[in-house]
Amino acid sequence: MIKFRWFAIAGASVLCFGTVWVANAQAPAQGPSFAVYCRGPLSTFRTEGGKVIRTPFKWAKEAATKANPGAGECAWAEDPPQGIESKPGDASAIVGNLGQFDSIPVGTIGKVCVTKANNNDLVVREVIRQLGHETAPFHRPPFSSTGCPG
């Protein structure tokens, strides 16, 4: 009887700590987020059994409020935030689940709120839908940086 009780205590402990670990691992990134507009075609890739989700892209030459991003490019809504490098033509990636924006089709534009990762990749914080027109959830000009938390 004593052995069973120890197994029950150990099992409950593992279950509690495992739940806390998974919750912390999947928690959204903290800190301010910034709007990025991405134009398809962009393809999302899943690795490590679907645990790592990456959408590679190239940086556009201008902010989205000045010019639409080109095919396969992403652009900040306005000027790039301080501390995040984004040189035109450089490759980067958005890390995280983009939901309805996974594999953005040719010619469509999605708005994603992101934070900076440890490297120069961006982490998804929220996907913003533009409602009220025929291409929802995708966006069309005019673009703005509003709508992102923090």
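Chemist: Help me understand the overall build of the protein chain, please; the structure alone is not making it clear to me.
Modeler: Within the protein chain, the regular secondary structure consists of one helix and seven strands. Beginning at the N terminus, the succession of helices and strands in the protein chain can be written as α-β-β-β-β-β-β-β. Going through the 150 residues of the protein chain one by one, you find that 35% of them count as buried. For the protein chain, the exposed area adds up to about 9200 Å²; of that, 59% sits on carbon and sulfur atoms.

Chemist: Could you clarify how one ought to interpret the state of the cysteines in this entry?
Modeler: When the sulfur atoms of two cysteines share a covalent bond, that bond is a disulfide. Scanning the model with the defined rule gives two disulfides in all. Between the sulfur of Cys 38 and that of Cys 74 lies a disulfide, 1.9 Å long from S to S. Here Cys 38 and Cys 74 share a disulfide; its torsion about the S-S bond, 110 degrees, makes the bridge right-handed. Placement of the pair is Cys 38 in strand β1 (residues 34-39) and Cys 74 in strand β4 (residues 73-76), with a sequence separation of 36 residues. Judged by relative accessible area, which is 1%, Cys 38 ranks as buried. Residue Cys 113 pairs covalently with Cys 148 via a disulfide, S to S 2.0 Å. Here Cys 113 and Cys 148 share a disulfide; its torsion about the S-S bond, -85 degrees, makes the bridge left-handed. Here Cys 113, found in strand β6 (residues 109-116), pairs with Cys 148, found in the segment after β7 (122-128); they are 35 residues apart in sequence, far enough to count as distant.

Chemist: Is there a simple way to explain the side chain of Lys 111 in this structure?
Modeler: By secondary structure assignment, the location of Lys 111 is in strand β6. This buried residue, Lys 111, is left without a salt bridge; Glu 78 holds the nearest opposite charge, at 9.1 Å. There is a polar contact of 2.4 Å between the side chain of Lys 111 and the backbone oxygen of Thr 146.

Chemist: Any chance you could explain the environment of Ala 91 here in plain terms?
Modeler: In this structure, Ala 91 sits in strand β5 (residues 91-95). It is 5.8 Å that separates the C-alpha atoms of Ala 91 and Phe 57, two residues lying 34 residues apart in sequence. In this structure Ala 91 touches Phe 57 and Lys 58, once residues within four positions along its chain are discounted.

Chemist: Help me understand the packing of aromatic side chains, please; the structure alone is not making it clear to me.
Modeler: The geometry of an aromatic ring pair is captured by the separation of the ring centres together with the interplanar angle, meaning the angle of the planes. Using the criterion set out here, one finds three aromatic pairs in the structure. Measuring from centroid to centroid gives 6.3 Å for Phe 34 and Trp 76, while their planes differ by 90 degrees, and the two rings are edge-to-face. Taken together, the positions of Phe 34 in strand β1 and Trp 76 in strand β4 put the pair 42 residues apart, joining distant regions of the chain. Judged by relative accessible area, Phe 34 falls into the partly exposed class, the value being 29%. Residues Phe 57 and Trp 59 carry aromatic rings whose centres are separated by 5.0 Å and whose planes lie at 85 degrees to one another, so their mutual orientation is edge-to-face. In this structure an aromatic cluster arises from ring pairing among Phe 34, Phe 57, Trp 59 and Trp 76.

Chemist: What is the right way to look at the nonpolar core in this model?
Modeler: Where a protein is soluble and globular, its nonpolar side chains tend to be buried together. Ranked by size, the top nonpolar core spans 16 residues in total, and within it Val 36, Cys 38, Phe 57, Cys 74, Trp 76, Ile 94 and Leu 122 carry the most contacts. Put simply, the parts of the chain that give this core at least two residues each are β1, β3 (52-59), β4, β6 and β7. In this structure Leu 122 touches Val 36, Phe 57, Trp 59, Trp 76, Ile 84, Ala 93, Ile 94, Val 95, Val 114 and Thr 115, once residues within four positions along its chain are discounted. Counting residues in hydrophobic clusters, the runner-up holds 11 residues, among them Ala 35, Ala 60, Cys 113 and Ile 128.

Reading guide: rules and limits
- Residues numbered from 1 in each chain as written.
- Predicted model: local features only at pLDDT ≥ 70, side-chain atom pairs only at ≥ 80, totals over all residues.
- Heavy atoms only, no water.
- Helix = DSSP H or I, 4+ residues; strand = E, 2+ residues; numbered from the N terminus.
- Buried < 20%, exposed > 50% of the residue type's maximum accessible area, 1.4 Å probe, protein only.
- Areas by Shrake-Rupley, 256 points an atom, 1.4 Å probe, with all protein chains shown as cover.
- Disulfide = S-S within 2.5 Å.
- Lys, Arg positive; Asp, Glu negative; His and termini not counted.
- Salt bridge = Lys/Arg side-chain N within 4 Å of Asp/Glu carboxyl O.
- Polar contact = N/O pair within 3.5 Å; in protein donor to acceptor, adjacent residues only side chain to side chain.
- Contact = heavy atoms within 4.5 Å.
- Phe/Tyr/Trp six-rings, centres within 6.5 Å; stacked < 30°, edge-to-face > 60°.
- Core = buried A, V, L, I, M, F, W, Y, C linked by side-chain atoms within 4.5 Å.

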